[in-house]
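Listed below, chain by chain, are the residues.
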Amino acid sequence: MSNEIAIIGAGMHPWGKWGHNFVQYGVAAAREALADAEIPWQDIAYVSGGATIRCGYPGYVAGATFAQALGWQGAEVNTSYAACASGSQALAAARNKILSGACDVALVVGADTTPKGFLAPAGGYRPEDPDWVRFYLGITNPTYFALYARRRMDLYGDTLEDFAAVKVKTSLVGSKNPRARYRKCFSAEDVAASAMVADPLRLMDICATSDGGAALIVSSLEYARKIGRGDAPRIAAISTVTPTFASAVVEMPDIATDSAAADGVEAMAYRASLPVKAYEEAGIGPEDVDLAEVYDLSTALELDWIEDLQLAPRGEAAAMLRKGDTALGGKTPINVSGGLACFGEAVPAQALAQVCELTWQLRGDAGDRQVEGARVGITANQGLFGHGSSVIVKR
């Protein structure tokens, strides 16, 4: 039995700081996806929403919120929360519903309205909450990003110039994406002149927080063939595995790795485990990947993800970058959407936006960002508290 489903529609509301309710972004993305699929809203049997925790109760029940905003029509609803991987979890729920035979076609949608500045925990005094504790200690998200960057510098010899080159590469291709928030090309000098945020990372090395929305229409393969979309890109795998003991790298919101030396347990890197299940499920390997959309919360993290996806041996992503292999037209282009560097982070929408980009690429609809001959794409995404995802799309 095939575990594949078809992506018959994709839509996005452009990223920015628009100041509107998150529902507006999600509805706009959903309507675009429905128009792309050329099916009526009434045909949707299941609505799977990625939750946002910043927008009150409607955000907690996002699936129902979007279904109501589009017009109640009897569809079943689901809401998934998995931090930055919420969109992928919502997509996995829809896939399971379709593969079980309980529905033929589903809408998956995520959207967010973010505050200015850091994505911080709720207020109050909660010493039992590790996310609250690390902010109480002054360990914001960029602090972790800086530690990961310094780790690359110490272990692999990566340089500040390498990190700046990621920004230059990504901003160039992102400037061609009309849905991106930041469409300006940056030079290495621009990066070096930007304010220091968390040494060694500067402002231009770190992604912003944004408003935005993304949506997918997914269906059974039979339904896709019935409506003339038998050649639509397919979701071949979704990995949402959790970490295993012992952790080799400190992950947000933890403030230490596991102490397992006395037990002789081999430490594992969580991010590197995410694509393993995806490759196994899809029956392919990293050598089959034509492009990747990764969660570049910082420039240095893009390099980590390249190695985590096994697209380069450990410690050699910067060399791959220097050769131009990760740029549009290179061996394995990374983040030809512009990534978080050009979009900023709209948490429940971001994993879906990655799949939207792969969908357009595999259909040949990416315009000036098109990766020629793209047949297989992979995503990588990570959220707090052991959440993460890797999705493989192929055609």
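Coordinates for the structure precede this section.
Residues numbered from 1 in each chain as written. Predicted model: local features only at pLDDT ≥ 70, side-chain atom pairs only at ≥ 80, totals over all residues. Heavy atoms only, no water.

### Quick word on the layout of surface pockets
Put simply, the rule is: With a 1 Å grid spanning the protein atoms alone, the term cavity applies to any set of points in which a 1.4 Å probe fits but cannot get out, the term pocket to an open set with protein on both sides within 12 Å along at least five of seven lines, and the term lining residue to any residue with an atom within 4 Å of a point. Grid points are joined across faces, edges and corners, and a volume is the space filled by probe spheres set on the points. Here a helix means four or more residues in a row that DSSP labels H or I, a strand means two or more in a row labelled E, and each is numbered from the N terminus. Throughout this entry, Asp, Glu, Lys and Arg are counted as charged residues, while Ala, Val, Leu, Ile, Met, Phe, Trp, Tyr, Cys and Pro are counted as nonpolar. The remaining residues, Gly among them, count as polar.
One number sums up the size of the largest pocket: a volume of about 600 Å³. Forming the walls of the largest pocket are 32 residues, and the residues nearest its centre are Ile53, Tyr81, Ala83, Asp131 and Leu384. Taken together, the elements giving at least two residues each to the lining of the largest pocket come down to α5 (130-136), α6 (141-156), α11 (299-308) and β11 (381-383). When its residues are assigned to classes, the lining of the largest pocket shows 20 nonpolar, four polar and eight charged. Estimates place the volume of the second largest pocket at around 500 Å³. What lines the second largest pocket is a set of 22 residues, and nearest its centre among them are Leu203, Ile206, Cys207, Ala208 and Thr209. The greatest single-element share of the lining of the second largest pocket, amounting to three residues, is contributed by α6.

### Concerning the side chain of Thr170
Stated precisely, the cut-off is as follows: Each residue is assigned to one of three classes by its accessible area relative to the maximum for its type, calculated with a 1.4 Å probe on protein chains only: buried under 20%, partly exposed between the two thresholds, exposed over 50%. A 3.5 Å cut-off defines polar contacts: any pair of N or O atoms within that distance qualifies, except that in protein one atom must be a possible hydrogen donor and the other a possible acceptor, and neighbouring residues in sequence count only when both atoms are side-chain atoms. Every residue pair with non-hydrogen atoms within 4.5 Å of one another is taken to be in contact.
Note that Thr170 resides in helix α7 (residues 160-174). The exposure class of Thr170 is buried, given its relative accessible area of 1%. Among the polar contacts made by the side chain of Thr170, one reaches the side chain of Lys169 at a distance of 3.3 Å. Filtering out sequence-adjacent residues up to four positions away, Thr170 remains in contact with Glu302, Asn335, Gly338, Gly339, Ala341 and Cys342.

### Digging into empty space enclosed by the protein
This model, assessed by the stated rule, comprises two cavities of 30 Å³ or more. Considered as a void within the structure, the largest cavity measures approximately 110 Å³ in volume. Around the largest cavity, the lining is made up of 14 residues, and of these Glu293, Ser337, Gly339, Gln350 and Gln354 lie nearest the centre. Mapped by element, the contributors of at least two residues to the lining of the largest cavity are α13 (339-343) and α14 (347-363). Among the elements that make up the lining of the largest cavity, the one with the highest residue count is α14 (four residues). For the lining of the largest cavity, the class distribution of residues is six nonpolar, five polar and three charged. What lines the second largest cavity is Lys167, Met204, Asp205, Ile206, Cys207, Asp296, Leu297, Ser298, Thr299 and Ala341. In terms of residue class, the lining of the second largest cavity is made up of five nonpolar, two polar and three charged.

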